[in-house]
Amino acid sequence: MNKYIKNIIWIAVAILGAYALAGIALNRGESINAIWLVTAAVCIYAIAYRFYAAWIAAKVLTLDETRATPAERLDNGRDFLPTNKWVVFGHHFAAISGPGPLIGPTLAAQFGYLPGTLWILIGVVLGGAVQDMVVLFASTRRNGRSLGQMARDEIGAIGGNAALIGTFMIMIILIAVLGLVVVNAMKHSPWATSTVAATIPIAMLIGLYMRHIRPGRVLEASAIGLVLLLLSVVAGGWIDHDAGLREWFNHGGLTLAFAIITYGFAAAVLPVWLLLAPRDYLSTFMKLGTIFLLAIAIVILRPEIHMPAVTQFVDGSGPIFGGTLFPFVFITIACGAVSGFHALIASGTTPKLLSNERDIAMIGYGGMLLESFVAIMAMIAATVLEPGIFFAINSPAGVVGQTAVEAVKTINSWGFPVTVEQMEQLAKDMGESTLFARTGGAPSLAVGMASIFANAFGKSLLALWYHFAIMFEALFILTTLDAGTRVGRFMLQDILGNFNKKLGETSYMPSVIFTSALVVAGWGYFLYIGVIDPNGGVNILWPLFGIANQMLAAIALCVATSIIVKSGKAKYAWVTGLPLTWLVIITTSASYEKIFSEDLRVGFFAAANHLSTQLAAGTLSPERAAVAPQLIFNQHLDAYLTVFFVVVLWVVVLDMLRLSIKHLRGEQVKPFTETAYVKTALE
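These remarks concern the structure in this document.

Rules of the game
Residues numbered from 1 in each chain as written. Predicted model: local features only at pLDDT ≥ 70, side-chain atom pairs only at ≥ 80, totals over all residues. Heavy atoms only, no water. Helix = DSSP H or I, 4+ residues; strand = E, 2+ residues; numbered from the N terminus. Rg over C-alpha atoms; globule rule 2.2 N^0.38 Å. Buried < 20%, exposed > 50% of the residue type's maximum accessible area, 1.4 Å probe, protein only. Contact = heavy atoms within 4.5 Å. Areas by Shrake-Rupley, 256 points an atom, 1.4 Å probe, with all protein chains shown as cover. Lys, Arg positive; Asp, Glu negative; His and termini not counted. Charge placed at Lys NZ, Arg CZ, Asp CG, Glu CD. Expected span 1.5 Å × (residues − 1). Bend = angle between axes of the 7 residues up to and from the residue. Arc of directions from axis to C-beta.

## Re the overall build of the protein
When helices and strands are tallied, the protein shows 27 helices and two strands. Taken over C-alpha atoms, the radius of gyration comes to 24 Å for the protein, in line with the 26 Å a tight globule of 683 residues would show. Based on the C-alpha atoms only, the size of the protein along its principal axes is roughly 70 × 65 × 55 Å. Considering the protein as a whole, with its 683 residues, one finds that 59% of them fall into the buried category. In the protein, of all internal contacts separated by at least 6 residues, the share reaching a separation of at least 24 is 83%. By element, 66% of the accessible surface of the protein is carried by carbon and sulfur atoms, the whole surface being about 25,800 Å². When the 42 positive and 39 negative side-chain charges of the protein are each reduced to one mean point, those points stand 10 Å apart.

If you want it as structure tokens, here you go:
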């Protein structure tokens, strides 16, 4: 009887999910309630986890709960340590959840709510969650080896080395964009800047508290940290209204960029327990708590989606970033559906903590589903805004006009009404001086979140909700920025260790300082590019970020596919092969557009040549002419980086295909590197 009841329940979930999805996809004209997006997402995630993830675990991976994991076999109390599954889940989610699921959907809303929502739901079920789960499994069966190491071991020297170098370069681009989003959210916003700045000493205090003041008192430290984080938001309001203190935190983009660069270096060099670990720990509570609070507010409020299902900007004329719906909606969404960055975590710290293989589906597949839910929340928060307000916040001054009057006139001409008075009142309500041209996605997301929270829990606290949302986003982003910088340092030390053993030692302080400085200088330069860009940096860096991230995911799926084939399960290779094929298509297409397109807002070379012509003709303003040479160089650099990434991707793909064909023919290939079975002694 229980079996029949369960079947009926799952059939009901499937029908409800299908009805909600049909309502989202087929609705035209009238606005749609945000509750249907939440319903469709929850139903799809539940069905995918219960059936598809379970099938992959049983048939493709054949998880074995009696098999000892590296955490048990290599337990050293430091890197390898059997850990409670919920603690591992929390760590994994904190590490993978950066700005992508927040910012990508917000920016992609310029195409309308429908394209991005469909890709978030479909992409995560068939691609992103599959990648995370399979890579975590592969690394667990190989003593916690990294993605680059597995590529060298399973594919070969050519593809493996290309993957290693490409992964490091991609990491640099990813971190730079994280910094740019934070800078754009904080510039000339004393409230936001002071709040985010306060999170650093708070994290260090909690680190000292847990290690030296009250060792083992984790709950005490957690409570103190969360209270201090919330107080920092309130204190930011006091600072913003104090004429003297306000100027201490009122800074432009370049000043904030250098502050972020300094923070990144400190996070990579300081002991992990002092800054990195406590920030990650505190941010996990804040991330999950805020997302679930937002979901509850949406259920209570049931707000209407005001953005059209599809806008006129699908033709590539969008103001936020250039490019047509295909392939740029997939590139822009990035982490909300598929994220290559996750493969670095799934083959990094997480497999070294996993105590039993049965938890791989929950942590790998389930963790990515939760991140996708964050992306759905971000899409809702962006699209419940009036479209005119959304575009006024996210459109750069270089596109809509330098003054508020010019911007409003341009946006109204697109058919999205907005007034100067409306924007001024909104800025005042949010505790900001202006919300025009606050590019990067973070400010508009914060406005959307604050509006939902205020309508559900109290409109009198609108400014407080807005800056709480800014702090929430900054915690999301800085957690990934500092962790990414540290991982980048480890990767660079691994590479340099091939030439000098001492430089490869992660505890050798001269190497720590030298490699940290190189990594920070690398992403710091691209952050500088974004800050000085007249269009806010998003148009030039976010597509490169998306392309790099999706290429890294394709590299990870190449490794996963080769492992499935070599394990004698070639008939299941489509599980990773299909998302791999799709990612190769969209990344190659997007790269082609960015390299060869004659559209000035899409093609890197086209933009550089146009700017060179203007500079030579003397038609640029003195301010624009001063930075033009740097911008021209940067456009060329981005173009050549895109070429490099495409070459790396295809080298890895072709090497994987070569190996798979040889194996299927029965020819000799690199040996399968899975470790031998050892029975677990853990309960």
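## So, helix α2 (residues 35-60)
Here α2 is 26 residues long and its end C-alpha atoms lie 35 Å apart, about the 38 Å a rise of 1.5 Å per residue gives. Taken as a whole, α2 carries its principal kink of about 35° at Y49. Looking one or two residues beyond α2, the residue adopting positive phi is T62, at roughly 55°.

## Some thoughts on helix α20 (residues 420-429)
Taken together, the buried positions of α20 are V420, M423, L426 and A427. For α20, the arc enclosing every buried residue in end-on projection is 130°, short of the 170-degree limit, so these residues lie on one face. What points out from α20, more than 90 degrees from its buried face, is the exposed set E421 and K428. For α20, the elements touching its buried residues are α17 (387-394), α19 (404-413) and α21 (442-457). Trailing α20 by a residue or two, G431 shows a phi angle of about 75°, which is positive.

## Overview of unusual backbone geometry
Note the cis peptide between F326 and P327, where omega equals 10°. Tracing the chain through its elements places P327 in helix α14 (residues 325-333). Phi is positive for T62, close to 55°, though the residue is something other than glycine. Overall, T62 belongs to the partly exposed group, its relative accessible area being 38%. With phi around 50°, R302 is a residue other than glycine that occupies positive phi space. Within the secondary structure, R302 sits in the loop between α13 (276-301) and β2 (304-305).

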